[in-house]
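# Per-entry structural report
Each chain, letter by letter, is given below.
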Amino acid sequence: MSARVVLSVASVERAAPYLAALAAAGVPGDAVRVLAGARGEAPDPPAAAAPRASRRSGSLLPHGGGWALELMSGAAGLVLGGGGDVDPRRYGEEPLPGAGLELVPERDAVEWELLAAARARRLPVWGICRGLQLLNVFFGGTLWQDLRLQRPDPLEHDLQSPSLALSPEPRPQVPLDLLVHAVRATAPAAPLGELLGRETLVNSRHHQGIKRLAEPLLPVAEAPDGLVEAAILPPGAEGWWVRGVQWHPENLIAMAQQRALWEAFVGALGAPRAPRSLRARQAQHAQPAEPAEPAQPAEPAQTSAPHGGHASSPLT
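Small disclaimer: the values here were computed from a predicted structure and weren't measured. (Residues numbered from 1 in each chain as written. Predicted model: local features only at pLDDT ≥ 70, side-chain atom pairs only at ≥ 80, totals over all residues. Heavy atoms only, no water.)

What follows covers the overall build of the protein. Scanning the protein for helices and strands turns up eight helices and 15 strands. Within the protein, the fraction of its 316 residues that count as buried is 54%. Entry remark: accessible area of the protein is about 13200 Å², with carbon and sulfur atoms responsible for 54%. (Helix = DSSP H or I, 4+ residues; strand = E, 2+ residues; numbered from the N terminus. Buried < 20%, exposed > 50% of the residue type's maximum accessible area, 1.4 Å probe, protein only. Areas by Shrake-Rupley, 256 points an atom, 1.4 Å probe, with all protein chains shown as cover.)

Moving on to the packing of helix H1 (residues 16–25) against helix H7 (residues 256–268). Close contact between H1 and H7 brings their axes to 8 Å; oriented N to C, the two are set at 70°. Put simply, H1 runs roughly perpendicular to H7. Of the residues in H7, those in contact with Tyr-18, Ala-21, Leu-22, Ala-24 and Ala-25 of H1 are Arg-259, Trp-262, Glu-263, Phe-265 and Val-266. Of the residues belonging to the contact of H1 with H7, the class tally is eight nonpolar, no polar and two charged. (Axes fitted to C-alpha atoms, helices over the stretch in contact; angles between N-to-C directions. Parallel < 35°, antiparallel > 145°, perpendicular 65-115°, else oblique. Contact = heavy atoms within 4.5 Å. Nonpolar A, V, L, I, M, F, W, Y, C, P; charged D, E, K, R; others polar.)

Across two bridges, the pairing between strand E9 (residues 181–185) and strand E12 (residues 218–222) is antiparallel. For Arg-184, the partnering residue across the bridge sits in E12 and is Glu-222. As defined by bridge partners, E12 adjoins strand E13 (residues 228–232) across four bridges and the pair is classed as antiparallel. Its bridge partner lying in E13, Pro-219 is registered against Ala-231. In sequence, E12 turns back onto E13 through a hairpin of five residues, with Gly-226 there showing a positive phi of about 90°. (Pairing = 2+ DSSP bridges.)

For side chains bearing opposite charge, pairing can occur when the charged atoms are close. Under the criterion given, the structure shown has ten salt bridges. Note that Asp-87 is salt-bridged to Arg-89, the shortest N-O span being 3.1 Å. On the basis of relative accessible area, Asp-87 is assigned to the buried category, the value being 11%. Overall, the relative accessible area of 48% leaves Arg-89 in the partly exposed class. Among the ionic contacts, a cluster of salt bridges with common partners joins Arg-107, Asp-108, Glu-111 and Arg-130. (Salt bridge = Lys/Arg side-chain N within 4 Å of Asp/Glu carboxyl O.)

Counting 44 residues, the largest nonpolar core has Trp-126, Leu-192, Trp-247, Trp-262 and Phe-265 as its most contacted members. Breaking this core down by element, the ones donating at least two residues are strand E1 (4–9), H1, strand E2 (32–36), strand E5 (75–80), strand E6 (125–128), E12, E13 and H7. Here this core takes seven residues from H1, the largest share from any one element. Counting 33 residues, the second-largest nonpolar core is a separate cluster that includes Val-6, Trp-67, Val-86 and Val-242. (Core = buried A, V, L, I, M, F, W, Y, C linked by side-chain atoms within 4.5 Å.)

Taken by themselves, the reported measurements are silent on function.
Written out as structure tokens, the structure is:
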């Protein structure tokens, strides 16, 4: 494909599973522009057969001046990945003491401008975890700053939460493909909802969630505790393809149902997809293209979930 997909993630190291998911759906790594932590960065080429990302200094992307419109003018779509928390001031609240917030205002500003530019050009947007939360705030919704603090429930959404530790010792790393809880489609006939089916199992590692869903968005799936887990901009609304999920399907592409979510995004790009055999090879070695210069820069152990399990092939 000639136009690139813009991928915004927390760091270079965290780009790999998103690149693999895009490659599995038909977007090769050299067609992806990675923005890592509000900086234009890209991993080095893979060593042998093992994809490996190394940090580069990158350039802080400028705010204002139309740079986002320029960047997105050559793009086919936008993927907003997971990472730190959206600043509560963006939805009219002050940070709560004890909420354990990890704020990255620079990234908020960059992604806000990317969304505005994508909206202006009606480019498809696919939000993952934080990406769904940012979409909700962008459209006027609000978030729970910390689910355990503000909305306590036996269902645990954040497997990295210190509260789950049985001892003061550091907890072992949770497999990224660990299936933690069910997600029920609340609009099974709607786009995205129809891909999920009546109920599916997902991974989960978020301590925030949607509090008030923005009015333009349609909830299409929820967790057993009623938390919104997936939402879309309904077909016909603004003529804009926008979807987001609260879990991490980039770690679950071994599951056909989760891979289909990525394929739907790629289908919305309007570009022909590579053959499946080629996509499988690309997914193993996916790396992004070198970033173009921005316009004149002025950068649980498993919890006791009754349905817990693993995907057939973890991606870490």
